[in-house]
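# Fold and contact review
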Amino acid sequence: MTNITRIFDIPYYQQETYNLSKCFSTKYNGVWQSVTSQEFLDQANSISRALLRLGIQPNDKIAVISTNNRTEWNILDIGVLQTGAQNVPIYPTISENDYEYILNHSEAIYCFVSDVAVVEKLNKIKDNTKLKKVYTFDEIPNENNWKELLIIGEDTSNQDEVEARKKDITPNDLATIIYTSGTTGTPKGVMLSHNNIVSNVSASEKRVPFVYGKSKALSFLPICHIFERMLLYLYQYCGVEIYFAESIDKMSDNLKEVKPHVMSAVPRLYEKVYDKIIAKGGDLTGVKKALFFWAVNLGLQYEPYNANGWWYEKQLALANKLIFSKWREALGGNIKIMVSGSAPLQPRLTRIFAAAGLPIMEGYGLTETSPVIAVNDERNHGFRIGTVGKIIEKVEVKIAEDGEILVKGPNVMLGYYKDPERTAEVMSGEYFHTGDIGEISTDGFLKITDRKKEIFKTSGGKYVAPAILENQIKQSRFIEQVMVVGEGEKMPAALIQPNYEFVKEWAKRHNITFTNEQDLFKNEALLNRIQQEIDQANKSFGKWEQVKVFKITPDIWSIDSGHLTPTLKIKRKIIKEIYKDLIESIYRP
């Protein structure tokens, strides 16, 4: 990537090297519509020319809020970056107050939004901001549409000015400000340079088994998150056709239509895919059911690189032919690699999907590291279950005395926007403090063990790492979400949001009748069954860290209700506040 030093160099490289006929594809009104590599660049340049005519200056901020990933987002992104302005992506699901805070903190002067729902939310607060105008991707009555800029940019007479702006942009210039979803306090604006992201694309490229110029990707993780955004730049660099899923609900249909070779997701989504597959297996009868669960149990014992011996591999080949081939077909039939990030992936999922020929390569990183620090790679023995793989090139990781992972490299952010104090808190010289606890094996595999801030002490002075406990407990099909509590108390306990779908199906099978969900979750048989699941999970831990009591929460944990971040991580502080009476009843009944 010697000639690629700025983000907007990537699509030019793709056009010269692969010149794809389907560079980006989005579904509109039930029909896939594609743009070629050349059309993508032509439209990005039109946006740049139009923005210059609007008076956009280097370092101006332009916000983008989109419910779904779509071609327009990417065209706008390159169009903005070429002018020396910065793209400020905003999560669509956050509150109006957070919209207002981010728009004001970043001093964004234009905002592009996807649809009616977002524009209605934005319109309530836009008068409290410095926004000059809002443009929409969808055609919405009485709103300015982004195509107006494409029309303004049709006149190519100021393309020389665009080229001059591009020439002035250096690799270390600010490219984007990404506001973290804020599990605590106000969102922090992470400043990432062109080089931060380009270096991460370059290093990550060495860990992906694409057929350059021929592979297809299905994208649906929010592009406002740096993980999916970096992957989209990586796909462009490798000549991978990018298709945008319509929604999580339509994922299954889109997989069958697109037949992608690669996709990325957060662990919660892989858990849901697995649960659906297991539920279908549970509906089978007789020999078919027996064969299905034989294959599943075999898959749960999987170890890479034939470590289980020839007899296991022989059985696995049969399981693949009879059972796992149908799993692959359900995901389009062509998946070669699935990528996982944002939260810990349960080892059982890594095992079973790898056994089924659908390997999930777990990686690790943060917004502040652009994001990848380490990632697994099946090739060259670079894949180890229970780890996040080996550290990528040009990135250095060291473990502090207290176990915290410190990172140094070209991917480490410029700092937090307008916040030198918070920047200083996380930097020791060139090393960024991740806040995660981990260890590196003698042969270079990184393992994450917990979040530093989340580890707590019981009243007996024993340390408890909640994330490890939670990940173990969540392997139960009865449990959708779990949060371990107990700081300063005599023992750990857990708040549990059950998997409503599975629990209802289980109740039906066991002839348990109920008039409403609240009655069901007071049912002794169900509570005993969940206790069995907890007891099984506890076997992996020392007595002092085992969950002694659990309570079922009365509602579904969601992004909208504030329980979860946009990347489906639990917001501990908020959950503790919501259920403070429930927690109190555990320790002081």
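This text goes with the structure placed above it.
The structure contained in this document is the topic of the report that follows. (Residues numbered from 1 in each chain as written. Predicted model: local features only at pLDDT ≥ 70, side-chain atom pairs only at ≥ 80, totals over all residues. Heavy atoms only, no water.)

### Quick notes on the overall build of the protein chain
- For the protein chain, the helix and strand inventory stands at 21 helices and 27 strands.
- Here the protein chain has a C-alpha radius of gyration of 25 Å; the compact-globule value for 589 residues is 25 Å, and the two agree.
- With the principal axes as the frame, the protein chain shows a C-alpha extent of 75 × 55 × 55 Å.
- Scored against the burial criterion, the 589 residues of the protein chain give a buried share of 56%.
- The contacts in the protein chain between residues at least 6 apart in sequence include a share of 66% that link residues at least 24 apart.
- For the protein chain, the accessible surface area stands at approximately 25300 Å², while carbon and sulfur atoms represent 50% of it. (Helix = DSSP H or I, 4+ residues; strand = E, 2+ residues; numbered from the N terminus. Rg over C-alpha atoms; globule rule 2.2 N^0.38 Å. Buried < 20%, exposed > 50% of the residue type's maximum accessible area, 1.4 Å probe, protein only. Contact = heavy atoms within 4.5 Å. Areas by Shrake-Rupley, 256 points an atom, 1.4 Å probe, with all protein chains shown as cover.)

### Brief notes about the packing of helix α2 (residues 37-53) against helix α7 (residues 159-168)
- Two elements in contact, α2 and α7, have axes separated by 9 Å at closest approach and are oriented at 95°. With respect to α7, the axis of α2 lies roughly perpendicular. Residues N45, S48, R49 and L52 of α2 form the contact with α7, whose own contacting residues are Q159, E161, V162 and R165. (Axes fitted to C-alpha atoms, helices over the stretch in contact; angles between N-to-C directions. Parallel < 35°, antiparallel > 145°, perpendicular 65-115°, else oblique.)

### A look at the pairing of strand β8 (residues 174-179)
- Most of β8 sits out of view: six of its six residues are buried.
- Looking at chain direction, β8 and strand β9 (residues 189-193) are connected through five bridges and run antiparallel. If you follow L174 over to β9, its bridge partner there is S193. (Pairing = 2+ DSSP bridges.)

### Structural notes on the sheet that holds strand β15 (residues 372-375)
- If you walk across this open sheet you meet the nine strands as β2-β1-β11-β10-β12-β13-β14-β15-β16, and the pairing is mixed. Every interior strand has two partners, whereas the edge strands, β2 (31-35) and β16 (390-391), have only one.
- One ladder, built from five bridges, connects strand β1 (residues 24-28) with β2; its direction is antiparallel. The partner of Y28 across the bridge, within β2, is V31.
- Helix α10 (residues 251-258) contacts β1, β2, β10 (216-219), β11 (241-244) and β12 (262-265) of the sheet and is inclined by roughly 165° relative to β10.
- Along the sheet, helix α11 (residues 267-282) makes contact with β12, β13 (337-340) and β14 (360-365), crossing β12 at roughly 110°.

### Focus: the packing of aromatic side chains
- A full pass over the atoms with the stated rule returns 21 aromatic pairs.
- Aromatic side chains F292 and W327 sit 6.2 Å apart centroid to centroid with 40° between the ring planes, which places their arrangement in the tilted category. Within this pair, whereas F292 is found in helix α12 (residues 286-299), its partner W327 is found in helix α13 (residues 310-330), the two being separated by 35 residues in sequence. Just as F292 is buried, W327 falls in that class too.
- Among the aromatic side chains, those forming a connected cluster through ring pairs are Y270, Y274, F292, F293, F324, W327 and F353.
- A cation over an aromatic ring shows up here: K398 above the ring of Y431, its NZ or CZ 4.2 Å from the ring centre.
- When the ring centre of W544 is taken as reference, the NZ or CZ atom of K462 above it lies at 5.4 Å. (Phe/Tyr/Trp six-rings, centres within 6.5 Å; stacked < 30°, edge-to-face > 60°. Lys NZ or Arg CZ within 6 Å of the ring centre and 35° of its normal.)

### A short note on the side chain of N45
- Relative to the assigned elements, N45 resides in helix α2.
- Apart from the residues lying within four places of it in its own chain, the contact partners of N45 are Y12, Q82, Q159 and V162.

### Focus: the pairing of β15
- Summarising the sheet, β14 and β15 pair through three bridges and their orientation is antiparallel. If you follow G365 over to β15, its bridge partner there is V372.
- One ladder, built from two bridges, connects β15 with β16; its direction is antiparallel. Its bridge partner lying in β16, A374 is registered against I391.

### Some details on unusual backbone geometry
- Cis rather than trans, the peptide bond between S370 and P371 has omega equal to -10°.
- Position of P371 relative to the elements: it lies in the loop between β14 and β15.
- Non-glycine residue E107 carries a positive phi angle of around 60°.
- With respect to the helices and strands, the residue E107 is situated in the loop between α4 (96-106) and β5 (110-113).

### Things to note about the side chain of K166
- Of note, K166 is situated in helix α7.
- A polar atom in the side chain of K166 sits 3.1 Å from the side chain of Y12. (Polar contact = N/O pair within 3.5 Å; in protein donor to acceptor, adjacent residues only side chain to side chain.)

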